[in-house]
Amino acid sequence: MYWENLDADLRYWTRSLRPVQWYPGHIAKTEKELKEQLKLMDVVIEVRDARIPLATSHPKMDSWLGNRKRIIVMNREDMVSTEDRNAWASYFANQGTKVVYSNGQLGMGTMKLGRMAKSLASTVNTKRREKGLLPRAVRAGIVGYPNVGKSSLINRLLKRRMCPAAPRPGVTRELKWVRFGNDLELLDSPGILPMRISDQTAAIKLAICDDIGERSYDFADVAAILVQLLVRHPAVGPEAFRRRYRLEMDSDCGKMFVTKLSVHLFNGDASQAAFRILSDYRKGKFGWVALERPPT
Ligand SMILES: Nc1nc2c(ncn2[C@@H]2O[C@H](COP(=O)(O)OP(=O)(O)OP(=O)(O)O)[C@@H](O)[C@H]2O)c(=O)[nH]1
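These numbers come from a predicted model, not from an experiment. (Residues numbered from 1 in each chain as written. Predicted model: local features only at pLDDT ≥ 70, side-chain atom pairs only at ≥ 80, totals over all residues. Heavy atoms only, no water.)

Engineer: Report on the overall build of the protein chain, specifying residues and quantitative values.
Structural biologist: When helices and strands are counted, the protein chain shows 12 helices and 6 strands. Taking 19 Å as the expected radius of gyration for a compact globule of 296 residues, we find that the protein chain reaches 20 Å, a close match to that expectation. Each principal axis of the C-alpha distribution contributes one length, and for the protein chain these read about 75 × 40 × 35 Å. Taking all 296 residues of the protein chain together, 52% fall into the buried category. In the protein chain, the proportion of contacts linking residues at least 24 apart, taken out of those at least 6 apart, comes to 70%. The distance from the centre of the 49 positive side-chain charges to the centre of the 32 negative ones in the protein chain is 6 Å. (Helix = DSSP H or I, 4+ residues; strand = E, 2+ residues; numbered from the N terminus. Rg over C-alpha atoms; globule rule 2.2 N^0.38 Å. Buried < 20%, exposed > 50% of the residue type's maximum accessible area, 1.4 Å probe, protein only. Contact = heavy atoms within 4.5 Å. Lys, Arg positive; Asp, Glu negative; His and termini not counted. Charge placed at Lys NZ, Arg CZ, Asp CG, Glu CD.)

Structure, rendered in structure tokens:
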């Protein structure tokens, strides 16, 4: 029931909030360049946040890819439960989509990703050989929303720090080619986002998961929605809040809880209370739970 009602609830809760919008100049520039560069790719590696695989899928990606081969990387696999992971694995398997689960921080999944990219693109060199040409390195483009872990994955694949990785969105500013052995070339790119996020439920999830610039949203609004999501979540519930903050939930209204916590711990500063709740979710203090399950 929880997952079936979630989107309708979210739409209802977000309808009166200030829209979350974030489209910094470097993202606009990237989108243009990336569209050109994608034409050169043999395979595209699309990195998503495993907690919100739908909200981190770009609406234009399918049309940019055409019939180019694609691998979906579900990064931050450590931040979801086994049930979440299994649900998405069978969803993608049913669609026939190639998926790799990974942890960009520890490097899990990166070897498999490298192997899969090379094998998916092996036809490139078969064709070249037929034409009497020498083989060339396979070109793989790594694309995805800001902060989902693209640079971390590349650094892990290469086993060295080639691309700056940081715990905030918008760090990678330029497209950058890096070589992986003799047979794979990777293109790291800054995060991309739609110019207008038409679906505000997706925008709120991006804010909760720290995949969008902090200045684009109001902490207290976003934390209030997160509380409402978690209180209803079968694996979290009000008890988790009571234990963590030693505070009773008087209702399932998130805004009221944020206010109560602010009085209890932060001299009435709602923004600080909201930030605490958001960072506790991001650190897994309510357990590792995804915010999306596959559509049924
Ligand atoms: N827990 C966890 N953290 C991760 C994982 N992958 C990356 N991170 C962290 O997430 C943050 C963002 O990672 P980056 O690699 O900078 O993300 P990016 O997609 O290149 O970001 P932009 O440069 O904004 O496009 C860093 O603090 C990483 O350490 C993961 O699988 N699990």
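Engineer: Please give an account of the pattern of salt bridges that cites residues and values.
Structural biologist: In total, this model carries 21 salt bridges according to the counting rule given. Here Asp49 ties to Arg76 by a salt bridge, and the two come within 3.5 Å at their closest N and O atoms. Note that Asp49 is positioned in strand β1 (residues 43–49) and Arg76 in the loop between β2 (69–75) and α4 (82–95), a separation of 27 residues in sequence. On the basis of relative accessibility, which here comes to 18%, the residue Arg76 falls in the buried class. Across the pair Arg243 and Glu239 runs a salt bridge whose closest N-O atoms are separated by 3.7 Å. (Salt bridge = Lys/Arg side-chain N within 4 Å of Asp/Glu carboxyl O.)

Engineer: Please provide a residue-by-residue account of helix α11 (residues 254–265), values included.
Structural biologist: For α11, with 12 residues, the first-to-last C-alpha span of 16 Å sits near the 16 Å given by 1.5 Å per residue. All buried positions along α11 are accounted for by Gly254, Phe257, Val258, Leu261 and Ser262. Axial view of α11: buried residues confined to an arc of 140 degrees, hence all on one face. Exposed and oriented more than 90 degrees from the buried face of α11 are Lys255 and Val263. Packed against the buried residues of α11 are α9 (219–232), α10 (237–245) and α12 (270–282). In the stretch just after α11, Asn267 is the one whose phi turns positive, near 50 degrees. (Expected span 1.5 Å × (residues − 1). Arc of directions from axis to C-beta.)

Engineer: Please set out the UniProt feature "binding site: GTP" (unreviewed entry) in the protein chain residue by residue, giving values where relevant.
Structural biologist: In this numbering, the UniProt entry assigns the feature "binding site: GTP" (unreviewed entry) to Asn75, Arg76, Glu77, Asp78, Asn147, Val148, Gly149, Lys150, Ser151, Ser152 and Gly191. Position of Asn147 among the secondary structure elements: in the loop between β4 (138–144) and α7 (150–158). Within the element layout of this structure, Lys150 appears in helix α7. (UniProt positions renumbered as here; feature names shortened; annotations may be inferred.)

Engineer: How would you sum up empty space enclosed by the protein? Please name residues and give values.
Structural biologist: Counted by the stated rule, this structure contains 2 cavities of 30 Å³ or more. Each pocket or cavity is described by its volume, and for the largest cavity that value is around 50 Å³. What lines the largest cavity is simply Leu17, Arg18, Pro19, Val20, Ile204, Ser216, Tyr217, Asp218, Asp221 and Val222. The calculated volume of the second largest cavity comes to roughly 40 Å³. Taken together, Met249, Asp250, Ser251, Cys253, Met256, Phe257 and Lys260 form the lining of the second largest cavity. Along the lines of polarity and charge, the residues of the lining of the second largest cavity split into 4 nonpolar, 1 polar and 2 charged. (1 Å grid on protein atoms, 1.4 Å probe; cavity = no way out; pocket = protein on both sides within 12 Å on 5 of 7 lines; lining within 4 Å. Points joined across faces, edges and corners; volume = space filled by probe spheres on them. Nonpolar A, V, L, I, M, F, W, Y, C, P; charged D, E, K, R; others polar.)

Engineer: If you had to explain the packing of aromatic side chains to someone new, which residues and values would you point to?
Structural biologist: Per the stated rule, a full pass over the model turns up 11 aromatic pairs. Ring centres of Tyr2 and Trp3 lie 4.9 Å apart, and the angle between their planes is 85 degrees; this geometry places the pair in the edge-to-face category. What makes Tyr2 buried here is its relative accessible area of 13%. When the centroid spacing of 5.6 Å and the interplanar angle of 65 degrees are considered together, the rings of Tyr217 and Phe219 count as edge-to-face. (Phe/Tyr/Trp six-rings, centres within 6.5 Å; stacked < 30°, edge-to-face > 60°.)

Engineer: Tell me about the side chain of Asp188, and please be specific about residues and values.
Structural biologist: Along the chain, Asp188 falls in strand β6 (residues 184–188). Despite its burial, Asp188 remains without a salt bridge, the nearest opposite charge being carried by Lys150 at 6.1 Å. In this structure the side chain of Asp188 is engaged in a polar contact, spanning 3.2 Å, whose partner is the side chain of Ser151. (Polar contact = N/O pair within 3.5 Å; in protein donor to acceptor, adjacent residues only side chain to side chain.)

Engineer: Account for the environment of Pro294, naming residues and giving values.
Structural biologist: By the secondary structure assignment, Pro294 is in the segment after α12. Distance from Pro294 to Leu54, taken between C-alpha atoms, is 8.3 Å for residues 240 residues apart in sequence. Ignoring anything within four residues of it in the chain, the contact list for Pro294 reads Ala87, Trp88 and Tyr91.

Engineer: How would you sum up the confidence of the model for the protein chain? Please name residues and give values.
Structural biologist: The predicted model of the protein chain has a mean per-residue pLDDT of 89, with 95% of residues at 70 or higher. Predicted confidence in the protein chain is weakest over strand β5 (residues 176–180), with a mean pLDDT of 79, and strongest over α12, with 97. Two summary scores accompany this predicted model of the complex, namely pTM at 0.91 and ipTM at 0.95. (pLDDT = per-residue confidence, 0-100.)

Engineer: Tell me about the environment of Asn103, and please be specific about residues and values.
Structural biologist: Inspection of the secondary structure assignment puts Asn103 in the loop between β3 (98–101) and α5 (110–120). A sequence separation of 86 residues divides Asn103 from Ser189, and the C-alpha atoms of the two residues are 18 Å apart. In this structure, Asn103 is in contact with Asn75, Glu77, Asp78 and Met108, ignoring residues within four places of it in sequence. Among the polar contacts made by the side chain of Asn103, one reaches the main-chain amide nitrogen of Gln105 at a distance of 2.8 Å. A distance of 3.0 Å separates the side chain of Asn103 from the backbone nitrogen of Leu106, its partner in a polar contact.

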